[in-house]
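# Coordinates in review
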Amino acid sequence: AIANAWLVVFDAAVEAIFLCFLVDQAENDGETRPYYASAALRSYMEAHRPTYVLPSMSLDDDELSHAIQQMGGLDALEPPPPMRAVAG
């Protein structure tokens, strides 16, 4: 129980640091408005930057239409018909 409580506090602290880092990066440019994050934290975050890009951020119209065709066209993206209730 004590270990779990300690890990909850540790998790909250790490999440707070990451959120503050993201706000710092969004609001400051490092030149006219200096970053508040330490050089060590900026270096760590740069070294562990995600290598993926979300599809909504990376696909232009041509790539999106190609991806839809690869999945079988727009018909494949439509939701299935509603299920009927079965009397039991």
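Note that this is a predicted model, so its numbers are computed, not measured. (Residues numbered from 1 in each chain as written. Predicted model: local features only at pLDDT ≥ 70, side-chain atom pairs only at ≥ 80, totals over all residues. Heavy atoms only, no water.)

### Some remarks on the overall build of the protein chain
Along the backbone of the protein chain there are 4 helices and 0 strands. Put simply, the protein chain runs from its N terminus to its C terminus through helices and strands in the order α-α-α-α. Counting over 88 residues, the protein chain shows a buried share of 7%. (Helix = DSSP H or I, 4+ residues; strand = E, 2+ residues; numbered from the N terminus. Buried < 20%, exposed > 50% of the residue type's maximum accessible area, 1.4 Å probe, protein only.)

### Some details on a nonpolar patch on the surface
On the surface, a cluster of nonpolar side chains totalling about 360 Å² of accessible area is made up of W6, L7 and F10. What makes L7 partly exposed here is its relative accessible area of 48%. (Patch = residues over 30% accessible without salt bridge, like charges linked within 9 Å, V, L, I, M, F, W, Y side chains within 5 Å. Areas by Shrake-Rupley, 256 points an atom, 1.4 Å probe, with all protein chains shown as cover. Salt bridge = Lys/Arg side-chain N within 4 Å of Asp/Glu carboxyl O.)

### Details of the pattern of salt bridges
Summed over all chains, the structure comprises 1 salt bridge. Between E46 and R49 there is a salt bridge; the shortest N-O distance is 2.6 Å.

### Side note on the packing of aromatic side chains
For the structure on display, the rule yields 1 aromatic pair. Judged by centre distance (5.4 Å) and plane angle (10°), the rings of W6 and F10 are stacked. Of this pair, W6 and F10 both sit in helix α1 (residues 2–27), 4 residues apart, roughly one helical turn. Note on F10: relative accessible area 45%, which makes it partly exposed. (Phe/Tyr/Trp six-rings, centres within 6.5 Å; stacked < 30°, edge-to-face > 60°.)

### Remarks on the confidence of the model for the protein chain
On average, residues of the protein chain score 80 in pLDDT, and 65% of them are at 70 or above. Mean pLDDT across the elements of the protein chain bottoms out in helix α3 (residues 55–58) (57) and peaks in α1 (93). (pLDDT = per-residue confidence, 0-100.)

### Here's the deal with the side chain of N28
As for its placement among the helices and strands, N28 is situated in the loop between α1 and α2 (39–47). Among the polar contacts made by the side chain of N28, one reaches the side chain of D24 at a distance of 2.5 Å. Among the polar contacts listed, one links the side chain of N28 to the side chain of R33, at a separation of 3.4 Å. If near-sequence neighbours (up to four positions away) are discounted, N28 is found in contact with R33, P34, Y35 and Y36. (Polar contact = N/O pair within 3.5 Å; in protein donor to acceptor, adjacent residues only side chain to side chain. Contact = heavy atoms within 4.5 Å.)

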